[in-house]
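Single-letter residue listing:
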Amino acid sequence: MTSSSTSENSVPPGPRRRAVIAAGTAAAALTIGPPGTAPAAAAPDAGTTTAAPRPGTGWQRYVHGPASRTVRPERVLDATGDVHDPDALLKPGGAVTVLRRPRPAPAPRWPAGTTAEASSAHAGNNGNDGRPRTYDATNAVDGDPDTFWNDDTPAAFPDVLTITLPETRQLSGITVISNSDGVPTAFTVDVWADGAWTTAATVSDNDVIQRAVPFSTPVPASRVRITVTAVQDTPRGAFTRINEVWPEPVEPPAPPPGVTVDFGKVVVGYPRVRFTSASDNAPGVRLAFSETRRFLTDRSDFTRSDQSGGAGQGTDQFAVPPQGADWTDHKGFQAGDKVYADGLHGFRYLRITLDALASDAPAAQPWGTVGIDSVSLDFTAYRGTPGTYRGWFLCSDDDLNRYWYGAAYTNELVTDTFRQDDVDPRGAWSASLEGRLVLHDGAKRDRDPYVGDLAVSGRTLYLTHDDAAAAARNVLADLADHQRADGWIPPASISSYTLPLFDYPLWWVTCSWDYVLYTGDRAYAARYHPNLRKVLDTWYPGVTDETGLLSKGLNGTGGYGDYAFLGRTGRVTYYNVLYVQALRDAARLARLLGHESDAARWTDRAEAVTDAVNTHLWDADAGAYLDSATGPARHAQDGNALAVTAGVADAGRAASALAHLDATTRLPYGNAFMDNDTLFDGAAQRVYAFTSYPEIVARFRTGRTDSALDQIRRTYGWMDGHDPGITNWEGVGPGGSLYEDAYTSMAHGWSTGVLPALTHHLLGAGPTSPGYATWEVRPQPGDVAWAQGQLPTPHGALRVAWQNSGRTFHIVLDVPKETRGTLVLPGDGRRLTVRARGRTLWDGRHAATDGVGVVDGRVTISGLGPGTHDFTARRDT
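Read on for an overview of the structure.

What counts, and where the lines are drawn
Residues numbered from 1 in each chain as written. Predicted model: local features only at pLDDT ≥ 70, side-chain atom pairs only at ≥ 80, totals over all residues. Heavy atoms only, no water. Patch = residues over 30% accessible without salt bridge, like charges linked within 9 Å, V, L, I, M, F, W, Y side chains within 5 Å. Areas by Shrake-Rupley, 256 points an atom, 1.4 Å probe, with all protein chains shown as cover. Salt bridge = Lys/Arg side-chain N within 4 Å of Asp/Glu carboxyl O. Lys, Arg positive; Asp, Glu negative; His and termini not counted. Charge placed at Lys NZ, Arg CZ, Asp CG, Glu CD. Helix = DSSP H or I, 4+ residues; strand = E, 2+ residues; numbered from the N terminus. Buried < 20%, exposed > 50% of the residue type's maximum accessible area, 1.4 Å probe, protein only. Polar contact = N/O pair within 3.5 Å; in protein donor to acceptor, adjacent residues only side chain to side chain. Contact = heavy atoms within 4.5 Å. Pairing = 2+ DSSP bridges. Axes fitted to C-alpha atoms, helices over the stretch in contact; angles between N-to-C directions. Arc of directions from axis to C-beta. Parallel < 35°, antiparallel > 145°, perpendicular 65-115°, else oblique. Left-handed = near helix turned anticlockwise from the far one by under 90°. Core = buried A, V, L, I, M, F, W, Y, C linked by side-chain atoms within 4.5 Å. Nonpolar A, V, L, I, M, F, W, Y, C, P; charged D, E, K, R; others polar. Expected span 1.5 Å × (residues − 1).

**Thoughts on a positive patch on the surface**
On the surface, Arg 807, Arg 831, Arg 874 and Arg 875 cluster together to form a positively charged patch. Mapped onto the secondary structure, Arg 874 falls in strand β40 (residues 867–875). Exposure remark for Arg 874: the relative accessible area of 41% places this residue in the partly exposed category.

See the structure below:
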């Protein structure tokens, strides 16, 4: 494992400026070497230079997959409270880490017969866990900290709780125990003495759950009145919530003993703790997980039980027996309905605390002694090692290398087996997927295979681990098998395959083409061609208006969402240019199977939709495509980028649209997905790597290599250089923050587009027909001095290595059997001389052999078959 964080926001080891590994000059450096050769020496520091390693070496050092399924933390971040030898957690089988906590004194109790009433009380319900609850005032004096009084006037004050004693009692103060989900921040305490109310204390700026409120002098009182005038606002409302009031001032106990460990990067699987011993009172431990230090508290940054109303209350619990235990965190209760754990987690940081929920007593107690030998993780995701990589990438820019392998590791984390206890609890489990390898959307959440995410994560998978391609097929086939009678295809298994998304059936079409393109699986194409017809010829025509454009809102689709649940209706550019892409991809699948009438029909419709988009959705004043024909004028990254990559925009519109995005969406951490905030506040500060990927591709395809690399360096440099490091975030918010705070997934497959972008466009290689029967290599070096790589194909490896030294461009191709392809050289073809094996193939004006010529200004060499090909292009001055 590699980097670790020393602050909330940055991941420092190593400089984050762009490091360059300079290319050697010898042609021999570009000779394709055999796969699996030994790795080169350790990566150089930024600013140093080395010769390009022999292709097939050097890339292995960037691989992040763990050496084994048992993953251990790298370091102890901190220890609080009474903890002996916390570093022993890192060394199994040796010393033992010991946590100790004394038994707390019993909580003060009101005398029998004490009653309570309040200004209002919320009606009873089933809470967040399905268990019936009441919120009456009497809950504040019942001695049970798991119940609480909840007023019924959100954000309206004062809220008043009055406690009546059976007889007058001398009080030196009180203690207010609040609910963690909404602490009273300002309140007064009055006492009834001598026939009148007297203010005994005033509290302001409170931010603690247990607040001791001493009186200046003890007073005899028969009633106590707490008047709340302000509370913390929470996602569940600005309510007053008080769990207990005690008849004495009791200061909060010292923080419970705990240790925080750092696994060095995001990992996923089942946490495992080896307890050597414990006191005989069933001391509890609580485990909190987080992908970032910022959101590492006594609660996990995310846990599935929070979504399903589970009993975890933000942590996983375990009651340690006296003899100790080798405990693996699996979902379920340890004893009846007490001591709950959530099972699998995705995280970088883990905090273990000697503590227990009050509701778990007596099965677990928040005090005692616990000995721990070690902490580890049973890693469940695809374990990528140098031996499993069938595709790789290496170039002279060390940063780009890190981003490529960071994306590969991110995708490995989401390539996992579909298991009932580990997936999104909101109705996502499906017997048809159980036990199958799938591509989830995120490592920690939502852990469900969404087909939109697959549009990026699938390509990343095909270019790295072709043996795992079944993960993509399993998802695509399962969604097709759950197609609705009207042709609509569900986006995922969530909500029992009913989540209504407008765009994801189109992503199913284009992802199906991608799968067949990379793998050559004709059987899949044939099996699901009827589904293709049904979604394109039944469902989408039902949401098409009189102009031929898709219009969300027709046929009951007003409430349908999209990849970001955006409130867009009517004619939306993104939906329609994605429709064009899907129609063209469907036509390719139809031609593969010999269904020429389908191919012609879908091709004609794609042209008609293209014309309609350019007629109705182009904003000539802005020089970009409108996000929507409905509402205020705005221009989105998704629609404008896909208009270029789907071929909707001609060269002039493409240049204008990309210039508009440059001028209006550029941020230090990428390009925003919207050019203004008319859709929602902060939209112009939000970056999605999912929609950034097609923009990066659009820049490469239109010859804007420098701007493509700049966008990559800003977007992925930000994620790589900030906690948790390495992995690719679901989204970035204002100022480079986590766009949905702790809920944000920091390892999300849909954000890995940097990997296919660098392989297909910087290195320049990719398939052009199913199974790489034909391919193209079109390098776009930009400021990169050299690049090497390997693409896995059903016929063997396609290997590419090139070097760009200004006037000279040298490239070597190693082509697998049963494939044939085309090389397109960079530079102005009229100023190039191209030679191969001592022979001039192109002299700037004439070709010396068939298959060599200039297409769109670039020298193109076609018909390259199996074997090794070596070309040198020299630019004339």
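Structure shown, so let's carry the discussion forward.
**Looking at the side chain of Arg 714**
Relative to the elements of secondary structure, Arg 714 occurs in helix α14 (residues 705–720). Residue Arg 714 is classed as buried on the basis of its relative accessible area of 11%. In this structure the side chain of Arg 714 is engaged in a polar contact, spanning 2.9 Å, whose partner is the backbone oxygen of Gly 670. Each residue touching Arg 714, except ones within four places of it in the same chain, is listed here: Arg 666, Leu 667, Pro 668, Tyr 669, Gly 670 and Asn 671.

**Some words on the sheet that holds β40**
The seven strands are arranged β20-β32-β33-β34-β40-β36-β37 in an open sheet whose pairing can be described as antiparallel. Of all strands in the sheet, those bounded by a partner on one side alone are β20 (392–395) and β37 (839–842). Taking the axes of each pair of neighbouring strands and ignoring which way they run, one obtains an average angle of 20 degrees across the sheet. With four bridges connecting them, β20 and strand β32 (residues 786–793) associate as antiparallel partners. The residue bridging Cys 395 from the neighbouring strand is Ala 787, located in β32.

**Remarks on unusual backbone geometry**
At the junction of Ala 361 and Pro 362, the peptide bond is cis and its omega measures out at 0 degrees in the coordinates. For Pro 362, the position within the fold is in the loop between β18 (345–354) and β19 (368–379). For the bond running from Asp 723 to Pro 724, omega is 15 degrees, close enough to zero to count as cis. Relative to the helices and strands, Pro 724 is located in the loop between α14 and β28 (732–733). A positive phi is found at Val 339, a non-glycine position, where the angle reads about 65 degrees.

**Some words on helix α8 (residues 529–539)**
Restricting attention to buried positions, one finds in α8 the residues His 529, Asn 531, Leu 532, Val 535, Leu 536 and Trp 539. On an axial view of α8, the arc spanned by its buried residues comes to 165 degrees, and they lie on one face.

**Quick word on the packing of helix α9 (residues 573–593) against helix α11 (residues 637–645)**
Between α9 and α11, the least distance of the axes is 8 Å, while the angle of their chain directions is 20 degrees. Judged on the interaxial angle alone, α11 and α9 are roughly parallel. Judged by the sense of rotation from one axis to the other, the crossing of α9 with α11 is left-handed. On the side of α9, the interface is formed by Thr 573, Tyr 574, Val 577, Leu 578 and Gln 581, while α11 contributes Asp 638, Gly 639, Leu 642, Ala 643 and Thr 645.

**Side note on the sheet that holds strand β31 (residues 774–777)**
Reading across the sheet, the five strands line up as β30-β31-β35-β39-β38 and stay open at both edges, with mixed pairing between neighbours. Sheet topology places β30 (765–767) and β38 (852–855) at the edges, where each strand pairs with a single neighbour. Between one strand and the next, the sheet's axes are offset by a mean angle of 25 degrees, whatever the strand orientation. Relative to strand β39 (residues 858–864), β38 runs antiparallel, the two sharing four bridges. Considered in β39, the bridge of Val 854 is made with Val 859.

**Thoughts on the nonpolar core**
Judged by nonpolar contacts, the single largest core of 171 residues is most densely connected at Trp 508, Leu 536, Tyr 563, Ile 712, Ile 811 and Ile 861. Apart from residues lying up to four places away in sequence, Ile 861 is in contact with Gly 821, Thr 822, Leu 823, Leu 825, Val 834, Leu 841, Gly 851, Val 852 and Phe 871. Counting residues in each nonpolar core, the second largest holds 39 residues, with Val 259, Ile 372, Phe 379 and Ile 726 among its members.

**Structural notes on the packing of α9 against helix α10 (residues 596–616)**
Running from N to C, α9 and α10 point in directions that differ by 160 degrees, and their axes come no closer than 8 Å. With respect to α10, the axis of α9 lies roughly antiparallel. In this structure, α9 crosses over α10, and the sense of that crossing is left-handed. On the side of α9, the interface is formed by Asn 576, Val 577, Tyr 579, Val 580, Leu 583, Arg 584, Ala 586, Ala 587, Ala 590 and Arg 591, while α10 contributes Glu 596, Asp 598, Ala 599, Trp 602, Thr 603, Arg 605, Ala 606, Glu 607, Val 609, Thr 610 and Val 613. Here the contact of α9 with α10 is composed, by residue class, of twelve nonpolar, three polar and six charged.

**So, helix α12 (residues 651–665)**
With 15 residues, α12 should cover 21 Å at 1.5 Å per step; its first-to-last C-alpha distance of 21 Å lies within 8% of that length. Taken together, the buried positions of α12 are Ala 654, Ala 657, Leu 658, His 660, Leu 661 and Thr 665. Each buried residue of α12 lies within a common arc of 155 degrees when the element is viewed along its axis, so the set occupies one face. The exposed residues of α12 that point more than 90 degrees off its buried face are Ala 651 and Ala 663.

**Digging into the pairing of strand β11 (residues 241–246)**
On a regular strand, each side chain points to the face opposite its neighbour's, so the side chains alternate between the two faces of the sheet. For β11, the buried fraction is high: six of the six residues fall into the buried class. Pairing of strand β6 (residues 149–150) with β11 involves two bridges; the strand directions are antiparallel. Residue pairing for β11: Asn 150 is matched across the bridge by Arg 241. Note: strand β7 (residues 159–178) against β11, four bridges, orientation antiparallel. Opposite Ser 178, over in β11, you have Ile 242 as the bridge partner.

**With respect to the environment of His 465**
You can see His 465 is positioned in the loop between α3 (451–462) and α4 (470–481). In this structure the C-alpha to C-alpha distance between His 465 and Leu 791, which are 326 residues apart in sequence, comes to 9.9 Å. Apart from residues lying up to four places away in sequence, His 465 is in contact with Tyr 382, Gly 384, Thr 388, Tyr 389 and Glu 412.

By themselves, these observations are geometric and do not establish any function.
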